[in-house]
Amino acid sequence: MGLARRGLLLALLLEGVAALPAVAAPLSEADLRAQAERFVEQQYAAPGSRVEVKSEALDPRLHIADCALPLAASLPGGLRMTPRLSVLMRCPTANGWTLRVPVTLKVWRQVLVANRPLIRGDGIVAADVRIEQRDVTRLPYGYLGGLDQVAERSLSRPVAAGSVLTPGALGGRQTVRAGDHVQLVAELGGIAVRAEGIALGSGDAGARLRVRNGSSGRVVDAIVRGPGVVVALP
C-alpha cells in the first residue's frame, strides 16, 4: 500500500473517532455545584453588576449518576433576585435524573441612597442623594439606579437619611421645579402679600423649598401650595 493511500486511510479513521460522542466522565458533587454556580452567575450578569454565587453542600448520602449528555440547568422560580435560590440540574437522557442545588446569591449594583431626611412632596436633586454599591437581592421593594429615574418626580412619602430610594417612594411630577418663576405669598394676620419669586428647589404640593424674592433678592423658606404658588414660612 502506497504512503499516500495509507495516509488517507489513517485520516479517515481519525475523523471517525472524533465524530463519536465522548464518553461522560464520572460526575462529582463538585462538578455539579460548579455548573450550577456558573449558570446562576450568567443569568444575573449585567454591566455594572458584581455577582457572587456560592452553592451549598448536598446530602452526603446522595449518589450522583453519570450523564451521557451535558446537564440542563434552570431556575424554577424565575429570575427573582433573592438571597437564596434553588437551581434545578437535570440529566436530559431518557432515564435521566433531576437534582436541586441550593445556592446563595449576591448581586451588587449601584443604587441611590438619601443623603439627608427627605420630606413627602420633595423633588430630588443631585445633592440629596449619593450612589452606593448595595446587594440588591436584599432590597425586596426595588431600587433606583440613577438620577434619570427621578427626574421631575416628587416623593410620595418621607425617606430617612441613609435609606435606599425605591420606585414606590416616587409620586407624581413636581408641581414646582428649580428655576420656575413662582408667586410667593406671605400671610401675616390674615393679610396675604404676594410677590414674584424664583424657585431654588423642586417639589410637589406640601414640599418645602427655598425661593428667591424677585424684588428684594432675599432667599426664604416656603411651602409649595400648588402649581406656581408657594407660601413663605414665618
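Residues numbered from 1 in each chain as written. Predicted model: local features only at pLDDT ≥ 70, side-chain atom pairs only at ≥ 80, totals over all residues. Heavy atoms only, no water.

Right, let's get into the overall build of the chain. Helices and strands together make up the secondary structure of the chain, namely 2 helices and 12 strands. Each helix and strand of the chain, ordered N terminal to C terminal, gives the series α-α-β-β-β-β-β-β-β-β-β-β-β-β. Per-residue burial for the chain yields a buried fraction of 31% across its 234 residues. Within the chain, contacts between residues separated by at least 24 positions form 52% of all contacts whose residues are at least 6 apart in sequence. Here the chain has roughly 14,100 Å² of accessible surface; of this, 57% comes from carbon and sulfur atoms. (Helix = DSSP H or I, 4+ residues; strand = E, 2+ residues; numbered from the N terminus. Buried < 20%, exposed > 50% of the residue type's maximum accessible area, 1.4 Å probe, protein only. Contact = heavy atoms within 4.5 Å. Areas by Shrake-Rupley, 256 points an atom, 1.4 Å probe, with all protein chains shown as cover.)

It is worth spelling out the nonpolar core at this point. Counting 28 residues, the largest nonpolar core has L32, V40, Y44, L71, V87, W97 and L105 as the members making the most contacts within it. Among the secondary structure elements, those contributing two or more residues to this core are α2 (29–44), β1 (50–55), β3 (84–90) and β4 (98–114). The element that contributes the greatest number of residues to this core is β4, accounting for 7 residues. Membership of the second largest hydrophobic core comes to 12 residues, among which are L112, L144, L155 and L165. (Core = buried A, V, L, I, M, F, W, Y, C linked by side-chain atoms within 4.5 Å.)

Our next topic: the pattern of salt bridges. All told, the structure shown has 10 salt bridges when counted by the stated rule. We note a salt bridge from E56 to R84, for which the minimum N-O separation is 2.8 Å. Placement of E56 in the loop between β1 and β2 (72–74) and of R84 in strand β3 is noted, with a sequence separation of 28 residues between them. Owing to a relative accessible area of 53%, R84 belongs among the exposed residues under this scheme. The salt bridge partner of D135 is R138, with a shortest N-O separation of 3.5 Å. Judged by its relative accessible area of 55%, R138 is exposed. (Salt bridge = Lys/Arg side-chain N within 4 Å of Asp/Glu carboxyl O.)

Our next topic: the environment of V101. Mapped onto the secondary structure, V101 falls in strand β4. Once residues within four sequence positions are removed from consideration, V101 is found in contact with L32, R33, A36, S55, L58, L85, S86, V87 and M89.

Now for the environment of L139. In this fold, L139 is placed in the loop between β5 (129–135) and β6 (153–155). The spatial distance from the C-alpha of L139 to the C-alpha of M81 is 8.9 Å, given a sequence separation of 58 residues. If we skip the residues at most four places from it in the chain, L139 touches V111, R134 and V164.

Here we come to α2. One turn of an α-helix holds 3.6 residues; hence residues three or four places apart share an orientation. Between the first and last C-alpha of α2 there are 23 Å, a value that for 16 residues agrees with the 22 Å anticipated at 1.5 Å per step. Against β1, β2, β3 and β4 lie the buried residues of α2. (Expected span 1.5 Å × (residues − 1).)

Our focus in this paragraph is the state of the cysteines. Throughout the structure, instances matching the rule amount to 1 disulfide. Here C67 connects covalently by a disulfide to C91, the sulfurs 2.0 Å from one another. Across the S-S bond of C67 and C91 the torsion is about 90 degrees, and the bridge reads as right-handed. With C67 in the loop between β1 and β2 and C91 in the loop between β3 and β4, this residue pair connects regions lying 24 residues apart in the sequence. The exposure classification of C67 matches that of C91, with both residues buried. (Disulfide = S-S within 2.5 Å.)

Our next topic: the pairing of β1. Alternating positions in β1 separate cleanly, V51, V53 and S55 being buried on one face and R50, E52 and K54 remaining unburied on the opposite face. As defined by bridge partners, β1 adjoins β4 across 6 bridges and the pair is classed as antiparallel. Considered in β4, the bridge of K54 is made with T104. (Pairing = 2+ DSSP bridges.)

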